Amino acid sequence: MNKKNYWCYRINKTLGKFFFDELNDGRLRQGWGWDNDQDLRNLKMDEGAGRNRPMFNLVKKGDILLVPQLPDWGSVAIVEATADWKDGYDFNIHPEYGDYGHIFPAKYLKKFTRRNEHVSGNIRSTLKNPSRFWNINHYEADVEQLVKAEVEKLSQVQDYKSRMESSIGNAFSETFNAKLFSDKLFEKMVNQFNGAEWEYALVAGLEKLLPSSYNIVHVGGHNEQYHGADILIRIPGIIPGTTYGIAIQVKDHSGFIHNQVIDQINKAEAHWQEADGLKIIDKIVIVTKASKEHNLNLQNNSDGVKFIFAEGLKELLVEIANQHIRINQGS
C-alpha cells in the first residue's frame, strides 16, 4: 500500500457554497478549466490550466487534503482522495460558471477552524501559503491529530474576533457574485483605458499583486521594436547577484491576432540577456479584448509564449482588486 500523503489545496473562495455542494457529490473542482482543450489528459491549451498538473499526477487514493475557506468562511475542510487523481479525473465545464472543468475524486470528512485550540502553529502557518497546491507531509502528525479529533471540538472558536470574521466572511461569500463583479470590473477597465494606457495600468496592478521584491517597470515605447516587451518584471534569484525576468507584451486588440506577435515577444530573450544579463524565464502576451476561441493559432506555439486573452485578463483583474481590498483593509 502506498504511503499516505498530505496536501493543501485552494479554491475560489468567493464560491464556497458551489464548491462544497460539488464536493458533497464526490467532485472537488478546480479552476482554469473553461475550454475542452484544457483537459489535463490531453492538454492542448494551457492559459493557467497547466498549474493543475502537479495535483493531477501526485495525489493518490487515501491522501488527505486541507482546503481553506470550505465549507464556509474561516473554516478548513479535511478532504480525502477517493481514487488516484490521474485515474479518477474528469473534465466537465460547469454550465452556470463556464469554468471549473477539472474534477478530482474526493470526499468531505470534516472541518476545523484555524484558531481552534487543537490546530497547531504548523498548520496555521502553512495555511498562509498563497499557492494553489502544496505538500505538507512534514506536518503529518499535526494533520492526523485533526483527522482523529471529534468534529465538535474542531469547530469551537476561542475568541470573538474569529467569530466576527467568520460571520462577515460567510455573509460576503453568500451574497457576492464573483462573475458579475468580474464582468463589471472588466467593462470599466475597457472603457477607462486604451492603447498604451493599459500597459501603465497593468504595471500599477501587478505592483499590488506581486511581492515587493519584484521590480516591475514599463519598458514599452520607441525601443520596444528591439526588445519586444511593454512590461519587464525582474525577479531576484536565490544566488546573490542573479536576476530573472518575465517579459510581457500588451496588445489592446480584439478579434483575430496575427502570429507576428510571437516574433515580437521572442526578441526579449536575446535583448535582455545582452543588455542586462537577464535570463528571461517567461514570455507572456496579454490581449485585452480578444477571445481565446478566435485565436487557437497562437495557443499551441512552440516558442513557449503564453497568452492571456480577455477571459484570463478578467481573472487577473479580479485578483488585483482582491489584493487592493486586502491592503486597504490592513489584512
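Every value quoted in this text rests on a predicted model; they were computed, and no experiment measured them. (Residues numbered from 1 in each chain as written. Predicted model: local features only at pLDDT ≥ 70, side-chain atom pairs only at ≥ 80, totals over all residues. Heavy atoms only, no water.)

What follows concerns the side chain of K292. When you line up the elements, K292 lands in the loop between β11 (279–287) and α12 (296–299). Take K292: its relative accessible area is 3%, and that puts it in the buried class. (Helix = DSSP H or I, 4+ residues; strand = E, 2+ residues; numbered from the N terminus. Buried < 20%, exposed > 50% of the residue type's maximum accessible area, 1.4 Å probe, protein only.)

Here we come to the pairing of strand β6 (residues 102–113). Of the strand pairs in this sheet, strand β2 (residues 27–30) and β6 are connected by 4 bridges, and their pairing is antiparallel. Opposite Q30, over in β6, you have H102 as the bridge partner. Note that strand β4 (residues 75–81) and β6 share 7 bridges and pair antiparallel. The residue bridging A81 from the neighbouring strand is A106, located in β6. Relative to β6, strand β5 (residues 90–91) runs antiparallel, the two being bridged by 2 bridges. (Pairing = 2+ DSSP bridges.)

Moving on, we come to the nonpolar core. Counting residues in hydrophobic clusters, the biggest one holds 26 residues, and the most contacted among them are Y9, V59, L65, L70, V79, W85 and F104. For this core, the secondary structure elements donating two or more residues are β1 (6–9), α1 (16–24), α2 (53–58), β3 (64–68), β4 and β6. Among the elements that take part in this core, α1 stands out by supplying 4 residues, more than any other. With residues up to four places along the chain from it excluded, the contact list for V79 reads L23, L28, D63, I64, L65, V67, A106 and K107. Formed by 20 residues, the second largest nonpolar core is a distinct cluster that contains F186, M189, I246 and I286. (Core = buried A, V, L, I, M, F, W, Y, C linked by side-chain atoms within 4.5 Å. Contact = heavy atoms within 4.5 Å.)

Turning next to the packing of aromatic side chains. Scanning the model with the defined rule gives 13 aromatic pairs in all. Between the aromatic rings of Y9 and W85, the centroid separation amounts to 5.9 Å while the plane-to-plane angle is 80°, which identifies the pairing as edge-to-face. Of this pair, Y9 sits in strand β1 while W85 sits in helix α3 (residues 85–88), and the two are 76 residues apart along the sequence. What makes Y9 buried here is its relative accessible area of 0%. Taking 5.5 Å as the distance between ring centres and 50° as the angle between the ring planes, the aromatic pair formed by Y89 and F104 counts as tilted. Here F104 lies in strand β6 and Y89 lies in the loop between α3 and β5, a separation of 15 residues in the sequence. The buried category is assigned to Y89, whose relative accessible area is 4%. (Phe/Tyr/Trp six-rings, centres within 6.5 Å; stacked < 30°, edge-to-face > 60°.)

To continue, consider the pairing of strand β10 (residues 243–251). In terms of burial, β10 is largely enclosed, as 7 of its 9 residues are buried. Where strand β9 (residues 231–236) folds back on β10, the antiparallel hairpin that results is connected by 6 residues, among which G241 adopts a positive phi of roughly 90°. By the bridge criterion, 8 bridges tie β10 to β11 in an arrangement that is parallel. Its bridge partner lying in β11, Q249 is registered against V285. Crossover β10 to β11 through helix α11 (residues 260–276) is right-handed. (Right-handed = clockwise from strand over helix to strand, strands pointing away.)

Of note, N24 is situated in helix α1. Residue N24 is classed as partly exposed on the basis of its relative accessible area of 46%. Linking N24 and A106, residues 82 residues apart in sequence, is a C-alpha distance of 8.8 Å.

This next bit is on the environment of N300. Within the secondary structure, N300 is located in the loop between α12 and β12 (305–308). With sequence-adjacent residues up to four places away left out, N300 is seen in contact with K44 and M45.

Looking now at the pattern of salt bridges. In the structure shown here, the tally under the stated rule is 15 salt bridges. The salt bridge involving E22 is made with R27; its shortest N-O contact spans 2.7 Å. Among the residues examined, E22 registers a relative accessible area of 9% and is labelled buried. With relative accessibility at 27%, the residue R27 sits in the partly exposed group. Across the salt bridge formed by E22 and R29, the nearest N and O atoms sit 2.7 Å from each other. A relative accessible area of 5% places R29 in the buried class. If you follow the salt bridges from partner to partner, you end up with E22, D25, R27 and R29 in one network. (Salt bridge = Lys/Arg side-chain N within 4 Å of Asp/Glu carboxyl O.)

None of the figures reported here should be taken as evidence of function without further support.
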